[in-house]
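# Remarks on the overall topology
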Amino acid sequence: MHLSSALRAGLAKVFVYALLALFLIPALTLGFSVYAQRDQDADFVAGMSQRIDAEKAMPLAEKQARKDYFRSNPPSAICDNSSAEAQEYREALCERFSDVWQFHMAHKVSFWTLVASFVLLVVVLGLGALAFADRTLQYTSFVAGWRLTTWASAAALVVQGAMAVWLSFWVTAFFFHKYSPKLVLFVGFAVLAGVLVAVAGIFKRVQSQSRAVGELVSEDDAPLLWKRIRHMARRLKTDPPQHIVAGIDANFFVTEAPLTVGNQTLTGRTLFVSLPLLRILDQAEADAVFGHELAHLRGGDTQSSARLGPKLVQFDHYRHAIRTGGLSAVVSPVLDLFRTIFEFALARDSREREFKADRIAAKLISPAAIAQSLVKIAAYAQYRARIEDELFGRNEQQDGATLGIARFVAQGLAPYAASDDFLEAMKTANVPHPFDSHPAMPERLRNVGMALKERDYGAIAVRVPATTWVQEILTADAIEQRLWSDYEQQFAQDHERSLAYRYEPATDEERELVLRYFPPVVFALKGENTVEVSIDGIRTSADETTVFWDAVKALEFKESSFGNTLLVTHPEKNALGLGAKTSKVKLSGLTKEKDRFNAVVGAYWQRHQIMRAQQQQHQEPPHKG
């Protein structure tokens, strides 16, 4: 699989981070312990030489022999010396938790941690290579890598955390002859919290559930469609779907994973069909799409995805927990490396599966049918996304009852297909799919031997079919009407909420909408005082002043036994011109609701920043190039 320069750079970045996560702390510990042991050895040998020289009754030969012995067996080596003659010497220096013992153990543990990290890296790369080499072993290699990397990351947190705590004491003690108890305790608690996050993540079970917005189509509702799909399944020598779900998404797919549709969870083989797409595909073109999806069933693609999918979800949840768990984030690059390698393997496999399914569909129906269906589906999906982006970008409220996305698409597809924008978009277009990343459409056309000319795309996209399978679904119109109604109502609600972030507000109507989502929130302070957070800023009743959002550059909540405060950093310089101007919002008495206060302040300030960014974006002149 060819990797773009951006993907190669991304993979290299993940690999470097993984190397740092595996080797940085152990290498620092090993380097420091070796340096300190060398210093300890020199001081000890010099001290012993002075003591030996001070022994006046000792013969010179014996003095030299003893000096040679200590030079040959310095403290750094004596803890591993098991000879009987060294027993007294060993017991004197290597008592558990003594300085010599600690540096000896740090040296030993860090060295073997580096060895273990190297072995882990080799195994992770090997399992990733296995996923590339043999598709049948992908599930086994991923589960093995999942178990290995999760437990290894937890173990790394324990071992490297212990090293970090040890270093936090000894680095300052060795070089500056003092240490900071606060630093040691801080690192210790951070390590403990990270370990707890890692262990909890290992045992946490995540429910993986796929959902589809649609309605079941029974055999009574579409007998000819069911008959046709079963006939095609027999020709491909595979079991047909047990369920057909009709929806309005711009894609078709099959799955063998449990699929929740409405209040039902379907098990077994399910085929999802798009009613809007079935309206623009003739029966042969739709048959080619069905053949493509049935080929996935025959090839075991859906069975493999159903097994692997929940494991991927579980692993990704663990990665997220590790990445957001404080100090545990230091080991997340190892998990990211394995997941990235595996994702490349899955993407390559997905690409090959799509090409194979297209070839089977072309053989089952015709190359022209699958090629034309790809053009039509890509054109519809591209234009529908364009229409929805345009509608969502409008600064006027939308009425979900009269929005009419389907109508906009139907009316505008033909003019769009005749435009230069359409041809440019189709060069890189792909057919949308909820579970896989599909190759670009032009590659898929070449794969089935159809060298369509770009100027033919538009005519194919708007060609009106004589007969369609949607005509054979008795409930199609009712299903589509219900689904479009629900979809457009939700679209209008999401758009309205986005307007609450975009409006300044500049009018009474805009203010009413913004306040619907961001009403003033009042928090009680000490005595009769209050602090109010609103779309304008933060206002305290004690001094009747408001810190307006435009005067805020950064915010920091500070806790104190003398009363909590909110430190506000302003955009302008302070009076001396040496730094940013700051001020404090006193929050004495705000204790139980401090978390809610911080959440509200963060949300309202974020709204203000988004609003200003939107304004700036619309004020900037378009780039000419």
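So, a few notes on the structure that sits alongside this text. Computed from a predicted model, the values in this text were never measured in an experiment.

Attention shifts here to helix α14 (residues 405–417). Given 3.6 residues to a turn, an α-helix orients residues that are three or four positions apart in the same direction. For α14, which comprises 13 residues, the first-to-last C-alpha distance of 17 Å matches the rise-based estimate of 18 Å (1.5 Å per residue) to within 8%. Along its buried surface, α14 packs onto α13 (367–393), α15 (420–427), α17 (454–462) and α18 (476–502).

For the bond from glutamate 504 to proline 505, the omega torsion is 0°, close enough to zero to count as cis. Here proline 505 is to be found in the loop between α18 and α19 (508–517). Its identity is not glycine, yet phenylalanine 97 carries a phi of approximately 75°, on the positive side. Secondary-structure assignment places phenylalanine 97 in the loop between α4 (87–93) and α5 (99–133). Judged by its relative accessible area of 59%, phenylalanine 97 is exposed. Of note, the phi angle at lysine 237 is positive, near 60°, even though the residue is not glycine. Mapped onto the elements of the fold, lysine 237 is located in the loop between α8 (223–235) and β3 (243–247). Classification of lysine 237 by relative accessible area gives exposed; the value is 77%.

For the structure shown, the criterion picks out 1 disulfide. The partner cysteine of cysteine 79 in its disulfide is cysteine 94, sulfur to sulfur 2.0 Å. Taking the sign of the torsion about the S-S bond as the criterion, the disulfide between cysteine 79 and cysteine 94, at about -100°, is left-handed. With a gap of 15 residues between them, cysteine 79 in the loop between α3 (75–78) and α4 and cysteine 94 in the loop between α4 and α5 connect regions that are remote in the sequence. In this structure cysteine 79 comes out as buried when scored by relative accessible area, which is 16%.

Once that is clear, we can look at the packing of helix α10 (residues 283–298) against α13. Contact geometry for α10 and α13: axes closest at 8 Å, N-to-C directions at 95°. When the interaxial angle is binned, α10 and α13 end up roughly perpendicular. Counting all contacts with α10, which are made through Ala284, Glu285, Ala288, Val289 and His292, the residues of α13 involved are Ala369, Ile370, Gln372, Ser373, Lys376 and Ile377. Its residues assigned to classes, the contact of α10 with α13 shows 6 nonpolar, 3 polar and 2 charged.

Along the chain, leucine 22 turns up in helix α1 (residues 5–54). Using a relative accessible area of 5% as the deciding quantity, one classes leucine 22 as buried. Taking the C-alpha atoms as reference, leucine 22 lies 8.0 Å from alanine 156; in sequence the two are 134 residues apart. Apart from residues lying up to four places away in sequence, leucine 22 is in contact with Ser117, Leu120, Leu121, Gln160 and Val334.

On to the packing of aromatic side chains. All chains considered together, the criterion is met by 35 aromatic pairs. Where phenylalanine 32 meets phenylalanine 103, the ring centres are 5.9 Å apart and the plane angle is 45°; that geometry is what we call tilted. Here the residue phenylalanine 32 occupies a position in helix α1, and phenylalanine 103 occupies one in helix α5, the gap between them amounting to 71 residues. Centroid distance phenylalanine 142 to phenylalanine 338: 5.7 Å. Interplanar angle 20°. Geometry classified as stacked. Residue phenylalanine 142 is found in helix α6 (residues 138–176), and its partner phenylalanine 338 is found in helix α12 (residues 332–364); the two are separated by 196 residues along the sequence. Given a relative accessible area of 1%, phenylalanine 338 falls into the buried group. Three or more aromatic residues joined by ring pairs make a cluster, and in this case those are Phe32, Tyr35, Phe103, Trp166, Phe169, Trp170, Phe174, Phe175 and Tyr179. Across the ring face of tyrosine 139, the terminal group of arginine 307 is positioned such that the distance to the ring centre comes to 3.7 Å.

Look at cysteine 94 and you get buried, because its relative accessible area is 15%. Aside from chain neighbours lying at most four places away, what touches cysteine 94 is Ile78, Cys79, Val100 and Trp101.

Glancing now at the side chain of lysine 376. With respect to the secondary-structure elements, lysine 376 resides in helix α13. The class for lysine 376 is buried, based on a relative accessible area of 1%. Apart from the residues within four sequence positions on either side, lysine 376 is in contact with Ile280, Leu281, Asp282, Glu285, Ile460, Ala461 and Arg463.

As a further point, take the sheet that holds strand β6 (residues 264–266). Read across the sheet, 3 strands follow the order β1-β5-β6 without closing on themselves; strand pairing throughout is mixed. This sheet does not close on itself; its edge strands, each paired only once, are β1 (210–211) and β6. Pairing between β1 and strand β5 (residues 259–261): 2 bridges, direction parallel. The residue bridging arginine 211 from the neighbouring strand is threonine 260, located in β5.

Let us now look at the sheet that holds strand β4 (residues 253–255). A sheet is described by the order of its strands in space; here 4 strands give the open sequence β2-β3-β7-β4, paired in mixed fashion. Across the chains shown, the open sheet's two edge strands, defined by having one partner strand only, are β2 (215–216) and β4.

The next thing to look at is the nonpolar core. Burial of nonpolar side chains together is a common tendency in soluble globular proteins. Core analysis: the biggest nonpolar cluster contains 69 residues, and Phe252, Leu278 and Phe290 have the highest contact counts within it. With 13 residues, α13 is the single largest residue contributor to this core. Tyr318, Val334, Ile341 and Leu346 belong to the second largest nonpolar core, which has 34 residues in total.

This brings us to a positive patch on the surface. A cluster of basic residues, Lys237, Arg298, Lys356, Arg359 and Lys363, forms a positive patch at the surface. When residues in the positive patch are grouped by element, the largest group, 3 residues, is from α12. Along the chain, the position of lysine 356 falls in helix α12.

About the thresholds
Residues numbered from 1 in each chain as written. Predicted model: local features only at pLDDT ≥ 70, side-chain atom pairs only at ≥ 80, totals over all residues. Heavy atoms only, no water. Helix = DSSP H or I, 4+ residues; strand = E, 2+ residues; numbered from the N terminus. Expected span 1.5 Å × (residues − 1). Contact = heavy atoms within 4.5 Å. Buried < 20%, exposed > 50% of the residue type's maximum accessible area, 1.4 Å probe, protein only. Disulfide = S-S within 2.5 Å. Axes fitted to C-alpha atoms, helices over the stretch in contact; angles between N-to-C directions. Parallel < 35°, antiparallel > 145°, perpendicular 65-115°, else oblique. Nonpolar A, V, L, I, M, F, W, Y, C, P; charged D, E, K, R; others polar. Phe/Tyr/Trp six-rings, centres within 6.5 Å; stacked < 30°, edge-to-face > 60°. Lys NZ or Arg CZ within 6 Å of the ring centre and 35° of its normal. Pairing = 2+ DSSP bridges. Core = buried A, V, L, I, M, F, W, Y, C linked by side-chain atoms within 4.5 Å. Patch = residues over 30% accessible without salt bridge, like charges linked within 9 Å, V, L, I, M, F, W, Y side chains within 5 Å. Areas by Shrake-Rupley, 256 points an atom, 1.4 Å probe, with all protein chains shown as cover. Salt bridge = Lys/Arg side-chain N within 4 Å of Asp/Glu carboxyl O. Lys, Arg positive; Asp, Glu negative; His and termini not counted. Charge placed at Lys NZ, Arg CZ, Asp CG, Glu CD.

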